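What the coordinates show
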There are 2 protein chains.
Amino acid sequence: MSKRIITISREFGSGGRTIGKMVAEKLGIAFYDKELIEKIAEETGFSQKFIEEYGEHAPGTNVFSYSFLGRDANGISMQDKIWMQQRKLILDLAEKEPCVIVGRCADYILRNRTDCLNVFIHASTEKKVERIVKLYGETADKPEKRLADKDKKRRVNYRYYTDREWGAAQNYHLCLDSGEFGIEGCADLIADLAK
Amino acid sequence: MSKRIITISREFGSGGRTIGKMVAEKLGIAFYDKELIEKIAEETGFSQKFIEEYGEHAPGTNVFSYSFLGRDANGISMQDKIWMQQRKLILDLAEKEPCVIVGRCADYILRNRTDCLNVFIHASTEKKVERIVKLYGETADKPEKRLADKDKKRRVNYRYYTDREWGAAQNYHLCLDSGEFGIEGCADLIADLAK
């Protein structure tokens, strides 16, 4: 395989995580997403739920993060601490074995490697609404709001830690509309291109 | 073919125009780029060189456009006149026959059609510099400046007429790094996906 590592960035509801899992299966390589979170949780001592909630947020995007999280004895914010652990872990994983890594600015963290295929998955609001309602059910918030809120956090986190625009085509080798090509279609395409 | 129309937006120097031409040849369909400009020139009465120069610029991006171009008897700026002609022509072409259309905000103009595959082609600055120096030679301006100037005009034009961000993955079904996949590789991929 010419690309050892595949990073997948994705809009909420676009099916990017599922596509990543399929690609890993097709190529017979490791897949890091929830697994990644668990590892980070273990290493930082934060709870898994906490990291899941804040691992893709940036300082200041949530009042809670300022008022309660605070800083450690070295003046490093909790968010920055999670970022540093995530970064170290992603660099180590990429060194260790071929894998698919979903989210967590992995495209940026691994930008100096030449063996990465960086992918961004998106879809129309209509398709994403359909998907999240089917997968996660209805909630008090309208699906459009849930999509916008989640992606806003990802965008702000990405900008804060990378100084780049989340979803700008130039950051990725390949961007795909999963509503157009389908989940399976995207997975096939990515797996073929990684070979 | 499930997609009759392929629109190609491209960074200057990314080889997007060449890729578009190859795709049209592979699929045996029409290709509109310089040809498009000529048609617009004929219909508006502007010279071909003039349209080539201003057809992808927005009002106000160039002092010249304000001071000299002026407005017609109905108060419509020359730039807007070119835009309206381009828009009408692109809508007509898409109606008339399967084709590849390069640039000119065609992805936006044809956004209500379901038979379009919208593609964005980009590449690293290094690859683009290599390409423009090889194709167009050295000039007084550094290649990096020529790239930045040209893309800035495209970005401003796109934003002005579409209210969207040029190069944002969400605007296209497919975005490709031609430096990664190669010119021929991109053309093969697009032609396969359009089928």
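Presented here is an overview of the structure given in this document. Since this is a predicted model, take the numbers as computed values, not measurements. (Residues numbered from 1 in each chain as written. Chains lettered and ligands numbered in written order. Predicted model: local features only at pLDDT ≥ 70, side-chain atom pairs only at ≥ 80, totals over all residues. Heavy atoms only, no water.)

**Brief notes about the relation of the copies chain A and chain B**
Under the fitted operation, chain A is carried onto chain B by 0.0 Å of movement along the axis and a turn of 180°, and the coordinates agree to an RMSD of 0.0 Å. Look at the turn and shift together and you get a two-fold axis relating the two. Looking at chain A, 100% of its interface residues are interface residues in chain B too, so the copies touch through the same face. (Least-squares fit on C-alpha atoms with pLDDT ≥ 70 in both. Contact = heavy atoms within 4.5 Å.)

**Focus on the nonpolar core**
Generally speaking, nonpolar side chains in soluble globular proteins are found buried as a group. Of all hydrophobic cores here, the largest spans 60 residues; its most connected members are L36(A), I101(A), L110(A), L36(B), I101(B) and L110(B). If we ignore the near neighbours within four places in the chain, the residues touching L36(A) are L89(A), I90(A), L93(A), I101(A) and R104(A). Judged by nonpolar contacts, the second largest core, of 46 residues, contains F181(A), V23(B), V119(B) and L174(B). (Core = buried A, V, L, I, M, F, W, Y, C linked by side-chain atoms within 4.5 Å. Buried < 20%, exposed > 50% of the residue type's maximum accessible area, 1.4 Å probe, protein only.)

**Thoughts on the interface of chain A and chain B**
By a widespread convention, an interface's size corresponds to the accessible area lost as its parts come together. On the chain B side, the residues contacting the 20 residues of chain A number 20 residues. Buried area between chain A and chain B, both sides added, is near 1,600 Å², and the carbon and sulfur share of it is 58%. Together, Q170(A), H173(A) and F181(A) form the three largest contributors to the area buried by chain A at its contact with chain B, with a combined 32%. Inspection of the region where chain A meets chain B yields two salt bridges. Its salt-bridge partner being E180(B), residue K3(A) comes within 2.5 Å of it at the nearest N-O pair. Taken together, chain A and chain B are joined by 15 residue pairs in polar contact (both at pLDDT 80 or more). Contributions of two or more residues to the side of chain A that touches chain B are made by strand 4 (116–122), strand 5 (174–177), helix 9 (178–181) and helix 10 (183–194) of chain A. When residues of the side of chain A that touches chain B are assigned to their parent elements, the largest contribution, four residues, is made by strand 5 of chain A. (Buried area = accessible area lost by both parts, 1.4 Å probe. Salt bridge = Lys/Arg side-chain N within 4 Å of Asp/Glu carboxyl O. Polar contact = N/O pair within 3.5 Å; in protein donor to acceptor, adjacent residues only side chain to side chain. Helix = DSSP H or I, 4+ residues; strand = E, 2+ residues; numbered from the N terminus.)

**Quick word on the sheet that holds strand 3 (residues 99–102) of chain A**
Ordered by their spatial adjacency, 10 strands build an open sheet running 2(A)-3(A)-1(A)-4(A)-5(A)-5(B)-4(B)-1(B)-3(B)-2(B), and the pairing between neighbours is mixed. In this open sheet, the two strands that pair with only one neighbour each are strand 2 (30–32) of chain A together with strand 2 (30–32) of chain B. Within this sheet the neighbouring strands show an average axis-to-axis angle of 20°, counted without direction. Both strand 1 (residues 5–10) of chain B and strand 3 (residues 99–102) of chain B contribute to a ladder of four bridges, which runs parallel. Across the sheet, the residue bridging to I6(B) is V100(B), located in strand 3 of chain B. (Pairing = 2+ DSSP bridges. Axes fitted to C-alpha atoms, helices over the stretch in contact; angles between N-to-C directions.)

**Quick word on the pairing of strand 3 of chain B**
Residue and element names in this part refer to chain B. Taking every second residue as pointing to the same face, both faces of strand 3 are buried, with C99 and I101 on one and V100 and V102 on the other. Here three bridges tie strand 2 to strand 3, and the two strands are oriented parallel to one another. Its bridge partner lying in strand 3, F31 is registered against V100.

**Points about the pattern of salt bridges**
For the structure on display, the rule yields 30 salt bridges over all chains. As a salt-bridge pair, D149(A) and K145(A) come within 2.8 Å of each other at their nearest N and O atoms. On the criterion of helical spacing, the pair formed by D149(A) and K145(A) is a turn pair, its members being four residues apart in helix 8 (residues 143–162). Given the relative accessible area of 30%, D149(A) is considered partly exposed. In this structure K145(A) comes out as partly exposed when scored by relative accessible area, which is 42%. Note that R113(B) and E95(B) form a salt bridge whose closest N and O atoms lie 3.0 Å from each other. Taken together, the positions of R113(B) in the loop between helix 6 (106–109) and strand 4 (116–122) and E95(B) in helix 5 (residues 78–96) put the pair 18 residues apart, joining distant regions of the chain. Since its relative accessible area comes to 56%, E95(B) is described here as exposed.

**Focus: helix 1 (residues 16–27) of chain A**
All names here are of chain A. Over its 12 residues, helix 1 runs 16 Å from end to end, which matches the ideal 16 Å to within 8%, given 1.5 Å per residue. Restricting attention to buried positions, one finds in helix 1 the residues G16, I19, G20, V23, A24 and L27. Angular distribution of buried residues about the axis of helix 1 spans 135°; they occupy a single face of the element. Packing partners of the buried residues in helix 1 comprise strand 1 (5–10), strand 2, strand 3, strand 4, helix 9 and helix 10. Of the residues flanking the end of helix 1, it is G28, one or two places downstream, whose phi is positive at about 65°. (Expected span 1.5 Å × (residues − 1). Arc of directions from axis to C-beta.)

**Quick look at the pairing of strand 4 of chain B**
Residue and element names in this part refer to chain B. For strand 4, the buried fraction is high: seven of the seven residues fall into the buried class. Burial along strand 4 is two-sided: C116, N118, F120 and H122 and L117, V119 and I121, pointing in opposite directions, are all buried. Here strand 1 pairs with strand 4 via six bridges, running parallel. Bridged to I8 within strand 4 is V119. Pairing of strand 4 with strand 5 (residues 174–177), which is carried by four bridges, proceeds in the parallel orientation.

**Quick word on the packing of helix 1 of chain A against helix 10 of chain A**
Residue and element names in this part refer to chain A. Look at helix 1 against helix 10: their axes get within 9 Å of each other, and the N-to-C directions meet at 45°. Comparing their axes, helix 10 and helix 1 come out oblique. For the crossing formed where helix 1 meets helix 10, the hand is right-handed. Side by side, helix 1 and helix 10 meet where T18, I19, M22, V23, K26 and L27 of the first sit next to I183, E184, C186, A187, D188, I190, A191 and A194 of the second. Looking at side-chain class alone, the contact of helix 1 with helix 10 contains 10 nonpolar, one polar and three charged residues. (Parallel < 35°, antiparallel > 145°, perpendicular 65-115°, else oblique. Left-handed = near helix turned anticlockwise from the far one by under 90°. Nonpolar A, V, L, I, M, F, W, Y, C, P; charged D, E, K, R; others polar.)

This is a description of form; function is not addressed.
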